[in-house]
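Below are the chains, spelled out letter by letter.
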Amino acid sequence: MKTLIGFAFLLGATPSFPSALINGAGASFPYPLYAKWFSEYQKKNPDVQINYQSIGSGGGIRQFTQKTVDFGASDAPMTDAQLNDAKEPVLHIPSVLGAVVLTYNVPGLGGQLQLSADLIAEIFQGKVARWNDAALKAMNPTLKLPDLAILVAHRSDGSGTTQIFTDYLSKAATAWKPGVGTAVKWPVGLGGKGNEGVAGIVKQTPGSLGYVELAYAIGNGLEFASVRNKAGVFVAPSLASVTAAATGKIPDDFRVSITDAPGKAAYPISGFTYLLVWKAPSDPVKGAKLLGFLRWAVKDGQSYAEGLHYAPLPASVLEKVDKKLATMALKK
């Protein structure tokens, strides 16, 4: 399976600037939507080419800060240390909201699996290793849980999806040991590159359980669990339940965690995904073209989100994003 995806699309038109090639790299979490955006934007603005590589958030941040690409993409906000290393001001531009789901391949289960943070933590640490474990049976009394080993599938690359997942477990599970980050040391399981790789492992392996962005589970015809939220309600991932997780206060720099959010309707493993851009792009042509695309993405582009199983940005966030984009300084 290919995990490094480079796609070229013709994008953007600004009459006062000539054509330009824009390169980006990063998160696989939003890639299905980004590919659609690039294609649709091309139809209206055929004079800029943009190449995006879906290599994971960690790789995207690294290539962006090393300036080997013009923009990055990450589901995990850059840390204070990463921003300091960048040496120039960086803007986090939220693009959409998404859900990290627990997807599984258990033939004959007979219904949707229900999981809690503590149970997820025990599975991903190897303490619950079979599908007919008493803890799984107690939480899913009506399901046909087989005497079958659980194969844990996790990311092998630096991943914002992993950041969101481990951030949730660090908040909600009482005994989560691996910590939080785009990459952690997994006690058990098999690693896959990108959301594509983890989804592929689950699809091909009976008994497997992994975490992927919702669009990858649906796109591969995979089942996914309801997860008990902070209010004690088992909630299935959906556009509505992801949006419900983003009703709290959003800081001006947009670097925020919305995992384990309060509210009965909130899906607890939700997150923003970001486009990373320089506040003062060094290339005025590329900067102008990229700004044009960003303005389109957070306005017209939002209409494509729901069809690809992402939640559009709330109106209150869109207003703040518009103001943030106005702060980009284009050199002349």
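As the structure is a computational prediction, the values presented were derived from the model and not from experiment.

Time to look at the sheet that holds strand β6 (residues 114–115). Here we have three strands laid out as an open sheet, ordered β6-β11-β12, and mixed in their pairing. At either margin of the open sheet sits one strand with a lone partner, and together these are β6 and β12 (234–235). Alignment of strand β11 (residues 226–228) against β12, held across two bridges, turns out to be antiparallel. Within the sheet, the bridge partner assigned to V227 lies in β12 and is V235.

Positionally, S226 belongs in strand β11. With relative accessibility at 7%, the residue S226 sits in the buried group. Separated by 2.8 Å, the side chains of S226 and Q112 make a polar contact. Every residue in contact with S226, bar those within four places of it in the chain, is listed here: Q112, L113, Q114, L115, F234, V235 and A236.

Once that is clear, we can look at the pattern of salt bridges. Scanning the entire structure with this criterion turns up 13 salt bridges. As a salt-bridge pair, D167 and K171 come within 3.5 Å of each other at their nearest N and O atoms. Here the residue D167 and the residue K171 both occupy positions in helix α6 (residues 160–172), the gap between them amounting to four residues, near one helical turn. Among the salt bridges present, the one from K320 reaches D252, with a minimum N-O distance of 3.2 Å. A residue pair is termed long-range when its members are at least 10 positions apart, and K320 in helix α11 (residues 315–325) and D252 in the loop between α9 (239–244) and β13 (270–278) qualify at 68 residues. Residue classification places D252 among the exposed positions, given a relative accessible area of 56%. Connected through shared salt-bridge partners, K36, E40 and K43 make up one network.

Take a probe with the size of a water molecule and roll it over the atoms, and the empty space left behind shows itself. Reported here for the largest pocket is a volume of approximately 230 Å³. Every residue lining the largest pocket is counted, 15 residues in all, and those nearest its centre are D70, W278, P281, S282 and D283. For the lining of the largest pocket, the secondary-structure elements that each account for two or more residues are β13 and α10 (284–297). Sort the elements by how many residues they give to the lining of the largest pocket and α10 lands first, with three residues.

Before going further, it helps to spend a moment on helix α4 (residues 117–124). Counting buried positions over the eight residues of α4 gives six, a clear majority of the element. Three or more residues of α4 are buried, namely A117, L119, I120, A121, I123 and F124.

Our next topic: the nonpolar core. What tends to happen in soluble globular proteins is that the nonpolar side chains get buried as a cluster. The biggest cluster of nonpolar side chains holds 108 residues, and the ones touching the most others in it are L102, L113, I123, F124, L136 and F272. Leave out the neighbours within four places in its chain, and I123 touches L115, V128, L136, I150, V152, V188 and L209.

Turning next to the packing of aromatic side chains. Under the defined criterion, the tally for this structure stands at 22 aromatic pairs. Aromatic pair Y52 and F71: ring centres 6.1 Å apart, planes at 10 degrees, arrangement stacked. One end of the pair, Y52, is in strand β3 (residues 48–54); the other, F71, is in strand β4 (residues 71–74), with 19 residues separating them in the sequence. With relative accessibility at 0%, the residue Y52 sits in the buried group. Assessed through its relative accessible area of 2%, F71 is described here as buried. Judged by centre distance (6.1 Å) and plane angle (25 degrees), the ring pair of F293 and W296 falls under stacked. Of this pair, F293 and W296 are both found in helix α10, three residues apart, which corresponds to roughly one turn of the helix. Of the residues examined, F293 reaches a relative accessible area of 4% and is grouped as buried. W296 gets classed as buried once you look at its relative accessible area, which sits at 8%. Over the ring of W278 we find K67; its NZ or CZ atom is 5.0 Å from the centre of that ring.

Calculation notes
- Residues numbered from 1 in each chain as written.
- Predicted model: local features only at pLDDT ≥ 70, side-chain atom pairs only at ≥ 80, totals over all residues.
- Heavy atoms only, no water.
- Pairing = 2+ DSSP bridges.
- Helix = DSSP H or I, 4+ residues; strand = E, 2+ residues; numbered from the N terminus.
- Buried < 20%, exposed > 50% of the residue type's maximum accessible area, 1.4 Å probe, protein only.
- Polar contact = N/O pair within 3.5 Å; in protein donor to acceptor, adjacent residues only side chain to side chain.
- Contact = heavy atoms within 4.5 Å.
- Salt bridge = Lys/Arg side-chain N within 4 Å of Asp/Glu carboxyl O.
- 1 Å grid on protein atoms, 1.4 Å probe; cavity = no way out; pocket = protein on both sides within 12 Å on 5 of 7 lines; lining within 4 Å.
- Points joined across faces, edges and corners; volume = space filled by probe spheres on them.
- Core = buried A, V, L, I, M, F, W, Y, C linked by side-chain atoms within 4.5 Å.
- Phe/Tyr/Trp six-rings, centres within 6.5 Å; stacked < 30°, edge-to-face > 60°.
- Lys NZ or Arg CZ within 6 Å of the ring centre and 35° of its normal.

In short, the description is geometric, and any link to function would need to be established separately.
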